[in-house]
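# Breakdown of the fold
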Protein chains: 2
Amino acid sequence: MDLIDRKYRILQAIIDDYILTALPVGSRTISRKYEQKLSSATIRNEMSDLEELGYLDSPHTSAGRVPSNKAYRLYVDQMLRPMPLSVEETAFINRCFDRRMHQVEDVSMRIAKALSSMTHYTTAVMTRAPRNEQVLSHLQLVPVADRRVLMILVTKSGTVKQSILDLGANVAPDELYTVSRILSQQLEGLRLSELAGELMRLSGKNETGIHAIVRAMAEQTPQQEQSDIVALAVGGRSNLLSFPEYSDVDKAKALLSVLETREKVVSLLSQHGEMEISVRIGPETGLEETKDCSIVTASYRLSDGRVNTIGLIGPTRMQYGKVLSVLGQVGKSLDMMLEDQKD
Amino acid sequence: MDLIDRKYRILQAIIDDYILTALPVGSRTISRKYEQKLSSATIRNEMSDLEELGYLDSPHTSAGRVPSNKAYRLYVDQMLRPMPLSVEETAFINRCFDRRMHQVEDVSMRIAKALSSMTHYTTAVMTRAPRNEQVLSHLQLVPVADRRVLMILVTKSGTVKQSILDLGANVAPDELYTVSRILSQQLEGLRLSELAGELMRLSGKNETGIHAIVRAMAEQTPQQEQSDIVALAVGGRSNLLSFPEYSDVDKAKALLSVLETREKVVSLLSQHGEMEISVRIGPETGLEETKDCSIVTASYRLSDGRVNTIGLIGPTRMQYGKVLSVLGQVGKSLDMMLEDQKD
DNA sequence: GATTAGCACTCAAAAGCGTCGAGTGCTAAC
DNA sequence: GTTAGCACTCGACGCTTTTGAGTGCTAATC
């Protein structure tokens, strides 16, 4: 399994070159560009061995050779040189994760766009709140417009769900507050899935006053167990089309379709140990449609207990060095932000 | 300008056929499939006339002919036969706009996905609140987690903005309510853009108690005029790649890039008279990148004053009949929903 | 006078074909 | 163990030919 030094170097050179050019690489190329002391014939012999060992494939007899998934695996696990980011890149990442992170709106989307514009890969960002913490912490009714009220449910983990209620009549803000406070105390600690039933029970059959409010709330409360996924965004889809491996429209379409299917994106981002960066190559991605792709995911625990998973997807011929550096920096940047908040 | 009946029919046949097949249509095709009484030679003469009148283009001497933008314009304005939807389709649309519409979450996304799966075009959905109504109506602080508080700003038009504040210390819910009420009264009617300054002024230099809260609020309040766009979602991007006009990856990429640029999507959806369905063909779309596309947009005023704009985008060779029927049904469906709410 | 049949002409796309060159594998010499 | 040399493979490229759908024009027909 352990390759002697020269084979190892040659394999690395082949992978590097292929990642760069997407063209099958031949013995002559390696001899000229990477191992000038060796003739192409020697390289040829080594390559032949590497093919036998399962690290290289040949598309056909007289094209060059192409790294196998096994080769990428080795490359990622052992050959990767850390590729330092430029000052601008580091600064750019830091800027993404500054205080604006506080704006609840569409942080995911902004991160996704930023990372895909940096790496030229497609990025998916998912924020999830641990399912067992989907328990009500606080409830609030806020007047929005004529007769209408915004119901806000805050869970222990800090997730916020909102719905608009139509009360059928105007209710004074002060009364809304009273109702909010009473119900908040009464319902705190319940799982969101139990909420609707409990509200229904409280409202009884009485159709007037506070009962009407409670009934309206019950109707708009999610019945089933809510998904623990709070936000999901994909950015930089069009980047895919720049890769020669997707010059075939059908392949591009298949992959784009995956990225439009919520469950599939979630599944791609999910198989992943927490707090770590994981690289999955080809079939390891777990979906038939992405068997020629690699996915690098990174998970970060946020201060409020939610977990953010960022995934970069591209052809197996991926610039792993760059991608890992970027995600590493994202981690550092987030840590810094969390530190700041402790003051 | 008014074409005699036969020319008119022939033109219609050509457009119908081209929309269906995407292939330049020749005289023989028309003679066989649509006007069996006439020989191909006669059709040829008519087509020659139509070309001179600017309704047809010939890609080159011996391909068939292709409708011009002028022809599509005529088609949309005068030739369109209403294409009734199937019962399933109608039901499907109605289901999209039922009570779930109340859930604030990602209605736009759901509509976008539903419509693009129905029509096989790409769909963009935008919800906007009139800018001049971006005025504070109500403000509320809600405890979320340790030391953290969710600040909710509700505008007169019913838009909700939220940010997380870090207060640096725990504050009792009751106190939060008191602060909310006082500030609500004091700040009501201010434009959102003026809010940060006013809060800053109120907090003064005092760093303790209520002042600390107000200061934290000032820091997280949007400084600039907020965009009036509340939500924007795009669905069904991969549908584009099914059209032969995008079998060229570069063209597909260009269009996909447009759909990833927020401002461009907004601009595509914006040039539009309210409460109506508008069809824009080719250059009428207003962007260089979409000069070979058509966009059908429809705007609906929601009960809370917000305006929802739905746009379907595809090649100029678009199934206008189907698309218009679908959007028409969406309008009816929404109206029904609004009626319901009056009860 | 409108319609049609017939024919010459056009042109893109497909098919066929030789050439080129990057690549391999093998063998024999160093 | 390394390399030079050589025969062989095969896709890519460029060229020509063929094919066929389509046009435009003219002369005959209704």
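Residues numbered from 1 in each chain as written. Chains lettered and ligands numbered in written order. Predicted model: local features only at pLDDT ≥ 70, side-chain atom pairs only at ≥ 80, totals over all residues. Heavy atoms only, no water.

Counting from both sides, the interface comprises 46 residues of chain B and, opposite them, 46 residues of chain A. With both chains or domains summed, chain B and chain A bury close to 4,500 Å², and 50% of this area falls on carbon and sulfur atoms. At the surface where chain B touches chain A, the tally comes to 2 salt bridges. Our count for the chain B to chain A interface comes out at 16 residue pairs in polar contact (both at pLDDT 80 or more). Its residues placed into classes, the side of chain B that touches chain A shows 16 nonpolar, 18 polar and 12 charged. (Contact = heavy atoms within 4.5 Å. Buried area = accessible area lost by both parts, 1.4 Å probe. Salt bridge = Lys/Arg side-chain N within 4 Å of Asp/Glu carboxyl O. Polar contact = N/O pair within 3.5 Å; in protein donor to acceptor, adjacent residues only side chain to side chain. Nonpolar A, V, L, I, M, F, W, Y, C, P; charged D, E, K, R; others polar.)

The next point concerns the relation of the copies chain B and chain A. The transformation that overlays chain B on chain A combines an axial shift of 0.0 Å with a rotation of 179°, and the residual RMSD is 0.2 Å. Viewed as a symmetry operation, the transformation between the two copies matches a two-fold axis. Taking C-alpha positions as the reference, the residue of chain B nearest the rotation axis is valine 249 of chain B, at 3.2 Å. (Least-squares fit on C-alpha atoms with pLDDT ≥ 70 in both.)

With that settled, the discussion passes to the protein's contact with DNA strand C. Ser27 of chain A together with Arg6, Thr42, Thr61 and Ser62 of chain B are the nearest of the 22 residues found near DNA strand C. For DNA strand C, the backbone makes up 75% of the atoms found within 4 Å of the protein, where backbone means sugar plus phosphate. In the model, a phosphate oxygen of DNA strand C is placed 2.9 Å from a nitrogen or oxygen of the arginine 65 of chain A side chain. One nitrogen or oxygen atom from the main chain of serine 39 of chain B is found 3.1 Å from a phosphate oxygen belonging to DNA strand C. Contributing elements (two or more residues each) for the surface near DNA strand C: α2 (27–33) and α3 (40–52) of chain A together with α3 (40–52) of chain B. Tallied by class, the residues present in the surface near DNA strand C amount to 4 nonpolar, 12 polar and 6 charged. (Near = heavy atom within 4 Å. Helix = DSSP H or I, 4+ residues; strand = E, 2+ residues; numbered from the N terminus.)

On to the nonpolar core, then. Grouped together as the largest cluster of nonpolar side chains are 142 residues, with contacts concentrated most on Tyr320 of chain A together with Tyr320 of chain B. Ignoring any residue separated from it by four or fewer positions in sequence, one finds tyrosine 320 of chain B in contact with Ile19, Tyr72, Tyr75, Val76, Leu80, Val279, Ile281, Ser294 and Val296 of chain B. (Core = buried A, V, L, I, M, F, W, Y, C linked by side-chain atoms within 4.5 Å. Buried < 20%, exposed > 50% of the residue type's maximum accessible area, 1.4 Å probe, protein only.)

With that settled, the discussion passes to the pairing of strand β5 (residues 148–155) of chain A. Residue and element names in this part refer to chain A. With 8 of its 8 residues buried, β5 lies for the most part within the structure. Along β5, one buried face is formed by Arg148, Leu150, Ile152 and Val154 and the opposite face, lined by Val149, Met151, Leu153 and Thr155, is buried too. In this structure, strand β4 (residues 136–145) lies alongside β5, joined through 8 bridges in antiparallel fashion. Within β5, the position partnered with leucine 136 by the bridge is threonine 155. (Pairing = 2+ DSSP bridges.)

All names here are of chain A. An order of β7-β3-β10-β9-β8 is seen for the 5 strands of this open sheet, with the pairing classed as antiparallel. The sheet is open, and its two edges are formed by β7 (229–235) and β8 (277–281), each paired on a single side. Each strand of the sheet is rotated relative to its neighbour by a mean of 15°, with strand direction disregarded. Where strand β3 (residues 122–128) lies against β7, 6 bridges are found, and the strand directions are antiparallel. Bridge pairing in β7 places threonine 127 opposite alanine 231. (Axes fitted to C-alpha atoms, helices over the stretch in contact; angles between N-to-C directions.)

A few words on the domain arrangement of chain A. Taken domain by domain, chain A consists of domain 1 (5–79), domain 2 (87–131 + 227–342) and domain 3 (136–220). The gap between the C-alpha centroids of domain 1 of chain A and domain 3 of chain A is 65 Å. (Domains from an automatic or database assignment.)

This paragraph deals with the protein's contact with DNA strand D. Lining the immediate environment of DNA strand D, one finds 21 residues, of which Arg6, Thr42, Thr61 and Ser62 of chain A together with Ser27 of chain B sit closest. Near the protein, within 4 Å, the atoms of DNA strand D are sugar or phosphate in 76% of cases. Measuring from a phosphate oxygen of DNA strand D, one finds a side-chain N or O atom of arginine 6 of chain A at 2.8 Å. In the model, a phosphate oxygen of DNA strand D is placed 3.2 Å from a nitrogen or oxygen of the serine 39 of chain A main chain. Listing elements by their share of the surface near DNA strand D, those giving two or more residues are α3 of chain A together with α2 (27–33) and α3 of chain B. Looking at which element gives the most residues to the surface near DNA strand D, the answer is α3 of chain A, with 4 residues.

The next point concerns the sheet that holds strand β10 (residues 307–315) of chain B. All names here are of chain B. With respect to topology, 5 strands assemble into an open sheet ordered β7-β3-β10-β9-β8, the strand pairing being antiparallel. A single partner strand is all that each edge strand has here, and the edge strands are β7 (229–235) and β8 (277–281). Strand-to-strand twist across the sheet, computed as the mean angle between neighbouring axes with direction ignored, equals 15°.

On to the environment of tyrosine 246 of chain A. As for its position among the elements, tyrosine 246 of chain A is in the loop between β7 and α10 (249–260). For tyrosine 246 of chain A, a relative accessible area of 6% corresponds to the buried category. Counting along the chain gives 15 residues from tyrosine 246 of chain A to alanine 231 of chain A, while the straight-line C-alpha distance between them is 28 Å. Once you skip the residues sitting within four places of it in the chain, tyrosine 246 of chain A turns out to touch Leu240, Leu241, Lys251, Ala252, Leu255, Asp292, Cys293 and Pro315 of chain A together with Val249 of chain B.

Enumeration according to the criterion identifies 32 salt bridges over all chains in this entry. Between aspartate 174 of chain B and arginine 181 of chain A there is a salt bridge; the shortest N-O distance is 3.2 Å. Of the two residues, aspartate 174 of chain B is situated in helix α7 (residues 173–187) and arginine 181 of chain A in helix α7 (residues 173–187); the pairing between them involves two chains. Residue arginine 181 of chain A is classed as partly exposed on the basis of its relative accessible area of 36%. A salt bridge links lysine 291 of chain B to glutamate 288 of chain B; its shortest N-O distance comes to 3.6 Å. Lysine 291 of chain B gets classed as partly exposed once you look at its relative accessible area, which sits at 39%. Among the charged side chains, a salt-bridge network with shared partners connects Arg6, Lys7, Glu46 and Asp49 of chain A.

All names here are of chain A. Examined against the element boundaries, serine 294 turns out to sit in strand β9 (residues 293–301). Look at serine 294 and you get buried, because its relative accessible area is 0%. A polar side-chain atom of serine 294 sits 2.7 Å from a polar atom in the side chain of tyrosine 320. Apart from the residues within four sequence positions on either side, serine 294 is in contact with Arg280, Ile281, Gly282, Thr285, Leu312, Ile313, Gly314, Pro315, Thr316, Met318 and Tyr320.

Below, the discussion takes up the pairing of β8 of chain B. Residues and elements named next belong to chain B. Among the 5 residues of β8, 4 are classified as buried, and the element is accordingly described as predominantly covered. Here 5 bridges tie β8 to strand β9 (residues 293–301), and the two strands are oriented antiparallel to one another. Bridged to isoleucine 281 within β9 is serine 294.

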